[in-house]
Amino acid sequence: MSERIVVTGMGVVSPLGTGVDAFWRRLSKGENGIRRLTRFKADDLACQIAGEVPSIEEDPDGFDADRYLEPKEQKRTDRFIHFALAAAEEAVAQAGWVPATDLEKNRTGTIIGSGVGGFPAMTAATRLVDDKGPRRVSPFMVPSFLANLASGQVSIRHGFKGPLGAPVTACAASLQAIGDAVRILKSGEADVMLAGGAEACLDRVSYAGFCAARAMSSRRNDDPALASRPFDKARDGFVMGEGAGALVLETERHALERGARPLAIVSGYGTTADAYHVTSSSPDGDGGLRAMQLALASAQLKPADIGYVNAHSTSTPVGDAAEMAALDTLFQGRGKTLAVSSSKSMIGHLLGAAGAVEAIACICALRSGILPPSRNLDEPEEAVAGFELIQGQGLKRPVDHIISNGFGFGGVNAAAIFSKVD
């Protein structure tokens with residue numbers, strides 16, 4: 001049997017707050033993290049709401065960039081990098097991993113995915129060049145927005161000299177980062193990996209693009225708390241969010257030898273392609289279904305062993321329908337013994353950071369015995385109505401194994417299984 005991979009540290013920046021404790025306390029209660037946009041003028045956009053990360057001035061658990069970066073460095077790096085550094089710092093502190101020797105540094109890697117990277121930095125640079133000319137561009141402009149610079153900056157700060165990567169696979173990016181890290185650990189290339197995702201894509205241009213594609217919610221700008229409605233018949237599109245999630249993964253042997261406490265096991269992982277359409281999933285959910293089947297096979301588990309699914313469900317009519325089809329096929333006949341919910345109903349869709357943040361929600365659920373709910377699930381679609389749809393408040397139900405899904409543009413699918421420590 002191959003060596004188990006365990007999680008020993010977690011860190012999060014989210015619309016519900018910064019830090020795992022604040023995030024989980026609010027998520028498990030079904031609190032809302034979606035509000036009217038404050039970052040830029042949105043009156044002329046179809047969607048005018050977002051899952052914005054609150055500042056420390058707005059919320060005692062809000063984000064304070066000054067804790068992680070000097071003001072000068074903040075100007076040289078995009079917001080997604082700020083989030084990644086914060087989430088990584090919390091995860092590394094919980095894991096208690098500070099590599100001291102060259103060997104330890106060389107055996108510690110970093111993989112942080114992002115769907116887009118520093119999109120606001122790119123658009124700001126474009127406006128600057130157009131308005132004031134190329135001579136006004138900073139030499140730090142390019143490294144401020146490159147998608148791999150979240151992992152690069154974390155690696156530099158902590159001295160992690162092992163494998164370095166950055167999946168840029170749309171909304172599956174950070175779940176693939178976790179899967180890639182697991183594979184690296186199992187292959188023996190590293191002993192410890194910092195894996196996750198970061199995204200801060202709230203920008204007029206990105207909103208204009210998604211609104212033009214009619215992918216975003218537009219009916220509930222006056223009541224943002226009701227806008228994100230995964231699996232609900234009245235859903236009309238996703239709500240964009242921002243944030244970051246980071247996990248310290250290591251071989252179980254390495255963790256136990258150094259006295260670290262495993263929080264959960266990453267027991268299975270699978271990834272596939274739809275090979276169907278640029279933005280739409282196959283209606284039968286075949287790609288997502290196969291990703292879950294691969295994850296189950298690698299974990300040596302059966303569908304009956306899964307107690308809860310943290311669905312990718314973003315609140316788009318087409319995407320939700322495909323995932324419902326996949327869940328119905330895989331878990332047919334399970335009924336109320338299978339609990340299902342979507343964290344995006346509370347925090348919006350964090351794009352490339354979604355998988356890592358939702359993985360942390362899954363691990364908190366395993367450890368607490370409380371399964372997080374969905375908001376706004378007033379009239380569920382028939383395809384999932386037979387499952388235990390957790391509505392409003394968290395459900396107290398201990399489970400041993402959880403599937404978390406992540407699907408993205410281009411037809412990419414990822415599924416990971418997180419299991420309770422023995």
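That block above? That's the structure.
Before going into details, it helps to say that this report is about the structure given with it. Bear in mind that the values here come from a model prediction, so they are computed numbers and not experimental data.

Section: unusual backbone geometry
Peptide bonds are mostly trans, and most non-glycine residues show a negative phi.
Part 1: Positive phi, close to 70°, is recorded for Phe-231, a residue that is not glycine.
Part 2: Within the element layout of this structure, Phe-231 appears in the loop between α9 (204-212) and β8 (243-251).
Part 3: Taking relative accessible area as the criterion, Phe-231 reaches 1% and is therefore assigned buried.
Part 4: Despite not being glycine, Ala-275 shows a phi value in the positive range, around 50°.
Part 5: For Ala-275, the location among the structural elements is in the loop between β9 (264-273) and α11 (286-299).
Part 6: Given the relative accessible area of 75%, Ala-275 is considered exposed.

A short note on helix α1 (residues 20-28)
Part 1: Taking burial as the measure, the nine residues of α1 include seven buried ones, the bulk of the element.
Part 2: On its buried side, α1 packs onto β1 (5-14), β2 (17-18), α3 (79-95), α13 (344-347), α14 (354-368) and β12 (370-371).
Part 3: Backbone geometry just downstream of α1 places Gly-30 in the positive-phi region, at approximately 75°.

Things to note about the pattern of salt bridges
Part 1: If you walk through the whole model with that rule in mind, you get 27 salt bridges.
Part 2: Across the pair Glu-52 and Arg-35 runs a salt bridge whose closest N-O atoms are separated by 2.8 Å. Here the residue Glu-52 occupies a position in the loop between β4 (49-50) and α2 (71-75), and Arg-35 occupies one in strand β3 (residues 35-36), the gap between them amounting to 17 residues.
Part 3: Linking Asp-286 and Arg-290 is a salt bridge whose minimum nitrogen-to-oxygen distance equals 2.9 Å. Highlighted residues: Asp-286 and Arg-290, both in helix α11, separated by four residues, approximately one helical turn.
Part 4: Within the structure, one salt-bridge network assembled from shared partners comprises Arg-25, Arg-26, Asp-59 and Asp-61.

Comments concerning the pairing of β1
Part 1: Of all the ten residues making up β1, ten are buried; the element is thus mostly covered by neighbouring parts of the structure.
Part 2: With eight bridges joining them, β1 and β8 adopt antiparallel strand pairing. Opposite Val-12, over in β8, you have Gly-245 as the bridge partner.
Part 3: Summarising the sheet, β1 and β9 pair through two bridges and their orientation is antiparallel. Across the sheet, residue Val-6 finds its bridge partner in β9, namely Ile-265.
Part 4: Taken together, the two bridges between β1 and β2 define a ladder with antiparallel strand orientation. Residue pairing in the sheet places Ser-14 in a bridge with Gly-17 of β2.
Part 5: Count of turn residues in the β1/β2 antiparallel hairpin: two residues.

Rules of the game
Residues numbered from 1 in each chain as written. Predicted model: local features only at pLDDT ≥ 70, side-chain atom pairs only at ≥ 80, totals over all residues. Heavy atoms only, no water. Helix = DSSP H or I, 4+ residues; strand = E, 2+ residues; numbered from the N terminus. Buried < 20%, exposed > 50% of the residue type's maximum accessible area, 1.4 Å probe, protein only. Contact = heavy atoms within 4.5 Å. Salt bridge = Lys/Arg side-chain N within 4 Å of Asp/Glu carboxyl O. Pairing = 2+ DSSP bridges.

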